[in-house]
Number of protein chains: 2
Amino acid sequence: MRFLHTADWHIGKKLHGYDLLTEQRDAYEQIKAIAIAEKVDAVVIAGDLYDRALPSEDAVSTLDTMLVDLNRHHHFPLLAISGNHDSAVRLSQGSEWFSSTDFYLNTRIADSVKPVVLGDTQFFLLPYFEPFAVRQYFGDDSIKTVAAGMERLVAAMQEQFAPDKKHVLIAHFFAAGSQHSDSETLVQVGGLNAVPVDLLNPFDYVALGHLHRKEALQNEPTMKYSGSPLKFSTSEAEDTKGVWIVDTDQTPVSVTFKPLKPLNDLVVLTDSFARLMDSEVSYSVKADDFIAIELTDTTPIANVMQRLKTRFPRIIELQRVNQLDVTPETLNIEEVQRDPLTLLDDFFETVTDHALTTQQEDWAKQALQQAMKEDK
Amino acid sequence: MRFLHTADWHIGKKLHGYDLLTEQRDAYEQIKAIAIAEKVDAVVIAGDLYDRALPSEDAVSTLDTMLVDLNRHHHFPLLAISGNHDSAVRLSQGSEWFSSTDFYLNTRIADSVKPVVLGDTQFFLLPYFEPFAVRQYFGDDSIKTVAAGMERLVAAMQEQFAPDKKHVLIAHFFAAGSQHSDSETLVQVGGLNAVPVDLLNPFDYVALGHLHRKEALQNEPTMKYSGSPLKFSTSEAEDTKGVWIVDTDQTPVSVTFKPLKPLNDLVVLTDSFARLMDSEVSYSVKADDFIAIELTDTTPIANVMQRLKTRFPRIIELQRVNQLDVTPETLNIEEVQRDPLTLLDDFFETVTDHALTTQQEDWAKQALQQAMKEDK
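As the structure is a computational prediction, the values presented were derived from the model and not from experiment. (Residues numbered from 1 in each chain as written. Chains lettered and ligands numbered in written order. Predicted model: local features only at pLDDT ≥ 70, side-chain atom pairs only at ≥ 80, totals over all residues. Heavy atoms only, no water.)

**Concerning the nonpolar core**
Okay, step 1: Of all hydrophobic cores here, the largest spans 62 residues; its most connected members are A:Leu4, A:Trp9, A:Val43, B:Leu4, B:Trp9 and B:Val43.
Okay, step 2: With near-sequence residues (within four places) excluded, B:Leu4 lies in contact with B:Ile31, B:Ile34, B:Ala35, B:Val40, B:Ala42, B:Val43, B:Val44, B:Val243, B:Trp244 and B:Ile245.
Okay, step 3: Membership of the second largest hydrophobic core comes to 29 residues, among which are B:Val146, B:Val154, B:Phe203 and B:Val206. (Core = buried A, V, L, I, M, F, W, Y, C linked by side-chain atoms within 4.5 Å. Buried < 20%, exposed > 50% of the residue type's maximum accessible area, 1.4 Å probe, protein only. Contact = heavy atoms within 4.5 Å.)

**Notes on the domain arrangement of chain A**
All names here are of chain A.
Okay, step 1: Taken as a whole, chain A is organised into domain 1 (2-259), domain 2 (264-332) and domain 3 (338-376).
Okay, step 2: On a C-alpha basis, the centroid separation for the pair domain 1 and domain 2 is 38 Å.
Okay, step 3: Listed as interface residues are 10 residues of domain 1 and, on the opposing side, 12 residues of domain 2.
Okay, step 4: Roughly 960 Å² is buried in total at the junction of domain 1 and domain 2, and carbon and sulfur atoms are behind 63% of that figure.
Okay, step 5: Counting the surface domain 1 buries against domain 2, the share from its top three residues, Tyr-18, Glu-23 and Thr-234, is 54%.
Okay, step 6: Our count for the contact surface shared by domain 1 and domain 2 stands at two salt bridges.
Okay, step 7: A salt bridge links Glu-23 to Arg-314, with the shortest nitrogen-to-oxygen separation between them at 3.0 Å.
Okay, step 8: Applying the counting criterion to the domain 1 and domain 2 interface returns five residue pairs in polar contact (both at pLDDT 80 or more).
Okay, step 9: Residue composition of the side of domain 1 that touches domain 2, grouped by class: five nonpolar, three polar and two charged. (Domains from an automatic or database assignment. Buried area = accessible area lost by both parts, 1.4 Å probe. Salt bridge = Lys/Arg side-chain N within 4 Å of Asp/Glu carboxyl O. Polar contact = N/O pair within 3.5 Å; in protein donor to acceptor, adjacent residues only side chain to side chain. Nonpolar A, V, L, I, M, F, W, Y, C, P; charged D, E, K, R; others polar.)

**Some points on helix α2 (residues 57-73) of chain B**
All names here are of chain B.
Okay, step 1: With 17 residues, α2 extends 22 Å from end C-alpha to end C-alpha; this agrees with the ideal 24 Å at 1.5 Å per step.
Okay, step 2: Listed in full, the buried residues belonging to α2 are Ala-59, Val-60, Thr-62, Leu-63, Asp-64, Met-66, Leu-67, Val-68, Asp-69, Leu-70 and Asn-71.
Okay, step 3: His-75 sits one or two positions beyond α2 and adopts a positive phi of about 60°. (Helix = DSSP H or I, 4+ residues; strand = E, 2+ residues; numbered from the N terminus. Expected span 1.5 Å × (residues − 1).)

**Some thoughts on the packing of helix α6 (residues 131-138) of chain B against helix α7 (residues 146-159) of chain B**
If you want to describe how two helices pack, look at the angle between their axes and the distance between the axes.
All names here are of chain B.
Okay, step 1: The interhelical angle for the contact between α6 and α7, taken along N-to-C directions, is 40°, at an axis separation of 9 Å. With respect to α7, the axis of α6 lies oblique. In this structure, the crossing between α6 and α7 has a hand that is left-handed. On the side of α6, the interface is formed by Pro-131, Val-134, Tyr-137 and Phe-138, while α7 contributes Val-146, Gly-149, Arg-152, Leu-153 and Ala-156. (Axes fitted to C-alpha atoms, helices over the stretch in contact; angles between N-to-C directions. Parallel < 35°, antiparallel > 145°, perpendicular 65-115°, else oblique. Left-handed = near helix turned anticlockwise from the far one by under 90°.)

**Examining the relation of the copies chain B and chain A**
Okay, step 1: By a simple turn and slide, chain B fits onto chain A: the slide is 0.1 Å along the axis, the RMSD is 0.2 Å, and the turn is 180°. The two molecules are tied by a two-fold rotation axis, judged by turn and shift.
Okay, step 2: When the interface residues of chain B are mapped onto chain A, 100% of them again lie at the interface, so the same face is used by both copies. (Least-squares fit on C-alpha atoms with pLDDT ≥ 70 in both.)

**A short note on the pattern of salt bridges**
Once their charged atoms are close, side chains differing in charge can pair, the charge on each being opposite to the other.
Okay, step 1: A full pass over the atoms with the stated rule returns 34 salt bridges over all chains.
Okay, step 2: Linking A:Glu29 and A:Lys32 is a salt bridge whose minimum nitrogen-to-oxygen distance equals 3.2 Å. Taken together, the residues A:Glu29 and A:Lys32, both in helix α1 (residues 21-37) and three residues apart, mark about one turn of the helix.
Okay, step 3: Residue A:Glu29 is classed as partly exposed on the basis of its relative accessible area of 40%.
Okay, step 4: B:Asp265 is the partner of B:Lys231 in a salt bridge, and the nearest nitrogen-oxygen pair spans 2.8 Å. Of this pair, B:Lys231 sits in the loop between β13 (223-225) and β14 (242-247) while B:Asp265 is found in the loop between β15 (254-259) and β16 (266-271), placing the two residues 34 residues apart along the sequence. When sorted by exposure, B:Lys231 lands in the same class as B:Asp265, which is buried.
Okay, step 5: Here the salt bridges share partners, and the residues they tie into one network are A:Arg2, A:Glu38, A:Asp247 and A:Lys258.

**Structural notes on the packing of α1(A) against helix α2 (residues 57-73) of chain A**
All names here are of chain A.
Okay, step 1: Running from N to C, α1 and α2 cross one another at 10°; their axes reach a closest spacing of 11 Å. As the angle between them shows, α1 and α2 are arranged roughly parallel. Contact residues: α1 offers Leu-21, Gln-24, Arg-25, Tyr-28 and Lys-32, while α2 offers Asp-58, Thr-62, Met-66, Asp-69 and Leu-70.

**Description of the packing of aromatic side chains**
Okay, step 1: Within the structure shown, the criterion is met by 26 aromatic pairs over all chains.
Okay, step 2: Both rings, one in A:Tyr137 and one in A:Phe138, keep their centres 5.0 Å apart while their planes meet at 65°; by these two values the pair is edge-to-face.
Okay, step 3: The exposure class of A:Tyr137 is partly exposed, given its relative accessible area of 35%.
Okay, step 4: Relative to B:Phe203, the ring of B:Phe124 has its centre 6.1 Å away and its plane inclined at 65°; by these criteria the two rings are edge-to-face. Separated by 79 residues along the polypeptide, B:Phe124 in strand β8 (residues 121-125) and B:Phe203 in the loop between β11 (194-195) and β12 (205-209) bring together distant segments of the chain.
Okay, step 5: By relative accessible area, B:Phe203 is classed as buried at 5%.
Okay, step 6: Members of the aromatic cluster, each reached through a chain of ring pairs, are A:Phe3, A:Phe123 and A:Tyr205. (Phe/Tyr/Trp six-rings, centres within 6.5 Å; stacked < 30°, edge-to-face > 60°.)

**Examining the side chain of B:Lys214**
Residue and element names in this part refer to chain B.
Okay, step 1: By the element assignment, Lys-214 lies in the loop between β12 and β13.
Okay, step 2: Judged by its relative accessible area of 17%, Lys-214 falls in the buried class.
Okay, step 3: Separated by 3.3 Å, the side chain of Lys-214 and the backbone oxygen of Thr-240 make a polar contact.
Okay, step 4: Discounting residues that sit within four places of it in the chain, Lys-214 has contacts with Tyr-225, Ser-226, Gly-227, Thr-240, Trp-244 and Phe-257.

**Some remarks on the interface of chain B and chain A**
Okay, step 1: Counting residues at the interface gives 25 residues for chain B, matched by 25 residues for chain A.
Okay, step 2: Of all residues in chain B, the largest losses of buried area upon contact with chain A belong to B:Arg90, B:Gln93 and B:Trp97, amounting jointly to 37% of the total for that side.
Okay, step 3: The interface formed by chain B and chain A includes zero salt bridges.
Okay, step 4: In this assembly, chain B and chain A are joined by 17 residue pairs in polar contact (both at pLDDT 80 or more).
Okay, step 5: Looking at the side of chain B that touches chain A, the elements with two or more residues in it are α2, α3 (88-91) and α4 (95-98) of chain B.
Okay, step 6: Looking at the side of chain B that touches chain A, the element that brings in the most residues is α2(B), giving eight residues.
Okay, step 7: Here the side of chain B that touches chain A is composed, by residue class, of 11 nonpolar, nine polar and five charged.

**Observations concerning the environment of B:Phe273**
Residues and elements named next belong to chain B.
Okay, step 1: Secondary-structure assignment places Phe-273 in helix α9 (residues 273-277).
Okay, step 2: Spatially, the C-alpha atoms of Phe-273 and Gln-370 are 38 Å apart, while their sequence positions differ by 97 residues.
Okay, step 3: When sequence neighbours within four positions are dropped, the list of residues in contact with Phe-273 reads Leu-295, Asp-297, Ile-301, Val-304, Arg-307 and Leu-308.

**Overview of the sheet that holds strand β18 (residues 315-320) of chain A**
Residues and elements named next belong to chain A.
Okay, step 1: Strand order in the open sheet made by the three strands is β16-β17-β18, with parallel pairing throughout. Looking at strand neighbours, the two that pair on one side only are β16 (266-271) and β18, the edges of this open sheet. Each strand of the sheet is rotated relative to its neighbour by a mean of 15°, with strand direction disregarded.
Okay, step 2: Taken together, the five bridges between strand β17 (residues 290-295) and β18 define a ladder with parallel strand orientation. When the sheet's bridge partners are listed, Leu-295 is paired in β18 with Arg-320. (Pairing = 2+ DSSP bridges.)

**Notes on the sheet that holds strand β14 (residues 242-247) of chain A**
Residue and element names in this part refer to chain A.
Okay, step 1: Reading across from one edge, β6-β5-β4-β1-β14-β15 is the order of the six strands in this open sheet, with mixed pairing throughout. Single-partner strands in this sheet number two, and they are β6 (103-106) and β15 (254-259). Shown here is a sheet whose adjacent strand axes are inclined to one another by a mean of 20°, direction ignored.
Okay, step 2: Pairing analysis gives four bridges linking strand β1 (residues 2-6) to strand β4 (residues 42-46), with the strands arranged parallel. Bridge pairing in β4 links Thr-6 to Ile-45.
Okay, step 3: Of the strands in this sheet, β1, β4, β14 and β15 are in contact with α1, which crosses β1 at around 165°.
Okay, step 4: On the sheet, α2 packs against β4, β5 (78-81) and β6 and is oriented at approximately 145° with respect to β5.

Below you can see the structure in the form of structure tokens.
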């Protein structure tokens with residue numbers, strides 16, 4: 001059994017107001033191309049298929065198209081679970097029909113202990129869960145944490161282990177630390193919501209979703225976060241996103257990383273305003289890349305966002321990394337103390353991306369004159 | 001081919017704040033029982049499966065459970081379309097998988113001209129549509145009304161007619177009047193949104209949804225609104241709700257009505273307050289029935305809703321059918337001009353369904369005393 005492991009698609013997510021559906025469709029096409037090239041027997045999606053419990057119609061139709069394409073047109077068996085961003089109820093609409101073409105979507109704890117068998121492997125599909133749900137499922141009030149719930153669930157899954165099969169867990173939670181580390185360390189790494197990784201040792205492979213960086217569990221050769229297919233925050237700017245190809249034929253299972261190439265990248269630029277605006281200085285960014293700017297300047301700069309956007313249209317963040325030095329000397333009075341009409345014009349352009357029309361300017365002038373008269 | 005025709009389930013609808021899921025589940029069970037008893041070959045649901053484009057999670061899981069039960073557990077082929085209350089995109093999530101068990105859910109105009117063939121019958125599944133959608137589909141700007149769009153669609157469907165089959169249209173719109181009646185009459189009955197019934201003559205049967213009364217087209221033996229399974233407004237209080245059983249073996253097709261028995265009925269009571277409150281007077285209503293009250297009194301009655309609810313807990317409407325006669329003689333001053341604490345107590349009980357606790361009454365007294373002091 002050779003499968004592709006991905007997670008955290010977050011279909012419908014916006015990046016500081018910018019729609020990502022185009023980038024998400026591109027990443028999907030790359031994942032599909034890898035699945036085809038690697039001749040995988042199945043595709044695993046470990047939760048957070050949507051970004052929100054109530055996705056938009058566009059998000060619903062985008063994800064539906066992807067799943068139809070992967071499973072019905074390209075005939076890949078699919079193994080998927082709901083994550084904390086998904087509504088289990090909404091995501092599972094129609095799921096009773098999906099298994100007709102080997103699409104297994106599980107959103108219920110009860111079904112996680114019934115393995116899906118494909119080839120040489122038993123897959124256990126465990127959706128994201130809260131402690132109360134496992135407490136209710138086992139009827140055991142002593143279960144107070146995700147870890148305690150997980151201990152019980154793993155035991156129940158082990159009872160279903162077929163000795164001649166490999167055993168793969170698909171799950172969506174925060175795995176970190178060890179059962180045997182002192183509780184304080186555990187609280188530091190993950191708090192009450194963390195699942196100690198040694199609890200997961202019974203499995204030949206653990207396909208995780210939840211954390212967006214594939215490096216989150218880098219010391220565990222057979223427990224992996226796939227990470228998200230796209231960079232969703234500036235803290236991920238340096239990440240290489242991708243998917244894992246897992247081969248269960250070998251013991252231990254073999255795991256290979258396949259990178260994805262961002263259609264529009266998320267880039268952090270740290271520089272001075274003068275250099276950022278200088279057309280002689282070149283940065284390795286494309287026009288549609290998402291840019292987070294770290295300004296090194298220490299002086300006030302009027303209208304800074306609007307001016308930077310003339311060079312970098314999709315700015316998602318603007319921060320100053322050095323303390324601002326505001327003194328009469330550094331303050332360019334002419335630039336800051338402008339007449340109200342110019343200020344209004346700048347503001348309007350920042351908000352609407354259009355300059356005031358002549359008509360609008362006339363109205364503004366009249367209103368200003370009126371206001372000044374009343375002031376006297 | 002023998003099928004059951006229903007429509008306008010409106011799962012998730014509330015009646016003046018009262019949840020109807022219990023009543024909707026009961027109606028569903030009756031529909032299923034009829035389908036089983038009548039040994040139908042298919043069940044037709046002609047639109048408005050949900051009440052809202054964005055149904056609640058409870059509504060989603062209720063409808064999903066019904067469709068799974070009918071199609072997967074009881075193996076009835078299902079033919080369904082989206083209505084104007086449904087979001088076509090959300091409703092169709094997963095629909096590509098449904099046909100594996102003969103569940104045909106169509107939400108797209110393009111698919112309406114491709115018949116689903118079951119037994120001796122071609123079914124044309126036409127979802128609710130706006131004129132612009134047909135205009136776009138045919139690339140013909142002259143299509144400005146639902147009727148004009150329908151004329152084109154019927155012609156396209158007729159091209160697909162197999163001469164040895166019966167032809168059934170499943171649709172969700174307002175059918176009324178005739179193409180040949182003068183336009184003014186047509187505007188009076190349905191306006192620009194009405195489809196003249198003679199346009200639909202090519203079909204052996206037209207299974208309609210949209211209007212909630214089965215009598216809406218009573219002069220058309222083979223074009224029927226099934227009506228909703230429940231009464232959704234006081235104007236439907238006298239209706240008998242139910243489904244149609246249609247047999248295509250005969251020409252013309254035979255059509256039989258099967259009534260549903262309301263779990264909790266919607267009843268209009270027209271009477272005086274004194275009689276309504278009199279435990280000696282009996283009305284044929286159950287405790288959980290939904291009651292619309294038409295008060296015949298002409299005098300003011302204090303606290304009327306709260307008092308009526310002690311006899312009829314689920315009042316959905318309260319109207320006066322006679323003009324109120326407010327004079328010093330009819331006004332019971334003692335009843336209306338009560339002390340503030342009693343008024344507060346009544347108000348609190350009306351809003352919360354609980355009387356004030358002793359503690360709350362103490363607080364109210366103190367606040368009142370304080371306010372009266374400040375008044376002086």
